[in-house]
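# Breakdown of the fold
Letter by letter, the chains look like this.
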Amino acid sequence: MATTSTSWTEEIVEAAGIKLQLVKGGTGRPLLILHDELGHPGALRYQAALAQHYTLYMPSHPSCGQSERLDWMMNMRDLASWYLDALGDLGLTQVPVLGFSLGGWLAAEMATMCPQQFSHLVLVGAMGVRPAVGEIYDMFLVVTKDYLAASFADAAGTPEYQQLFGNLTPEQVDVTEAGRELASLVGWRPYMHYPQLPHLLRRVRTVPTLLVWGRQDTIVPLSAGEVYQQAIPGSRLAVLEHCGHRPEIEQADEFVRLVRDFVKD
């Protein structure tokens, strides 16, 4: 995956009543990226590759990074409702969205509420539905470092993992702890899923949907991807071999190819 240098801008914008941290960069039509339960991870190879074809919009969720809190938010449906308002303020309509783990659940919830908001939906190891087999990993039983390691099929053999997470800085720990706090607020009970979501996902049938899962995902089992596929008519499930919960890092080349081939349709 050859990439060229990408210039990223970071700003605080007003969106739906709060100050929101937004990282933006690239060229071409917008692509919205929703981060996972550990917060915005910083610059990654897959982002630089996608930025050669799209202008990436990467907000930090409320209470994450430098984004303000939503004092009234109590669950994921609240967060999704707020985000739809915020995207309107940002001028992002009919955009493709790429959501990772908790961010994938968030994207799915928004799509059930307002399917016309998105041109394409890409859910990567998404939480939000109860796996048919296995269970979603309890991130609150371990420290962040161990949770990150469990997210990879082969952490030691993934160079970008070592570069990013080999030695977490105090600043990185602050980011991940804020993300974990948000996750506990919106997904504590029932744990990281909404029982009614599979019944609502039929509304997403008008949105081209790609589900991306690692075969060895121990955080959100592959069976959850199968639940999503069954619930969203016409959706496609792409399974990456020798890959855990972070295909955008562990199988970056194949991941970018999948997203590019899908979103360009």
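Refer to the structure printed above.
Keep in mind that what you see is a predicted model, and the values were worked out from it rather than measured.

Quick notes on the rules
Residues numbered from 1 in each chain as written. Predicted model: local features only at pLDDT ≥ 70, side-chain atom pairs only at ≥ 80, totals over all residues. Heavy atoms only, no water. Salt bridge = Lys/Arg side-chain N within 4 Å of Asp/Glu carboxyl O. Buried < 20%, exposed > 50% of the residue type's maximum accessible area, 1.4 Å probe, protein only. Helix = DSSP H or I, 4+ residues; strand = E, 2+ residues; numbered from the N terminus. Axes fitted to C-alpha atoms, helices over the stretch in contact; angles between N-to-C directions. Parallel < 35°, antiparallel > 145°, perpendicular 65-115°, else oblique. Contact = heavy atoms within 4.5 Å. Nonpolar A, V, L, I, M, F, W, Y, C, P; charged D, E, K, R; others polar. 1 Å grid on protein atoms, 1.4 Å probe; cavity = no way out; pocket = protein on both sides within 12 Å on 5 of 7 lines; lining within 4 Å. Points joined across faces, edges and corners; volume = space filled by probe spheres on them.

Moving on, we come to the pattern of salt bridges. Going through the model one piece at a time under the given rule, you end up with 11 salt bridges. Among the salt bridges present, the one from K19 reaches E14, with a minimum N-O distance of 3.3 Å. Residue class for E14 comes out exposed when judged on its relative accessible area of 51%. A salt bridge links R45 to D253; the nearest nitrogen and oxygen atoms lie 3.4 Å apart. Of this pair, R45 sits in helix α1 (residues 45-50) while D253 sits in helix α10 (residues 252-263), placing them 208 residues apart in sequence. Several salt bridges converge on common partners, so that one network encompasses E254, R257, D261 and K264.

Our focus in this paragraph is the packing of helix α2 (residues 76-89) against helix α3 (residues 102-113). Look at α2 against α3: their axes get within 9 Å of each other, and the N-to-C directions meet at 70 degrees. The orientation of α2 relative to α3 falls into the category roughly perpendicular. From α2, M76, R77, L79, A80, S81, Y83, L84 and L87 reach across to α3, where they touch L102, W105, L106, E109, M110, T112 and M113. Residues that form the contact of α2 with α3 fall into these classes: 11 nonpolar, two polar and two charged.

It is worth spelling out empty space enclosed by the protein at this point. Following the criterion strictly, the structure yields two cavities of 30 Å³ or more and no others. Listed by contribution, the elements that provide at least two residues to the lining of the largest cavity are β3 (30-34), α1 and β4 (55-59). For the lining of the largest cavity, the residue count by class is eight nonpolar, four polar and three charged. If you add up the space inside the second largest cavity, you get close to 30 Å³. If you trace the second largest cavity, you find it lined by D36, F100, S101, V124, H245, R246 and E248. Tallied by class, the residues present in the lining of the second largest cavity amount to two nonpolar, two polar and three charged.

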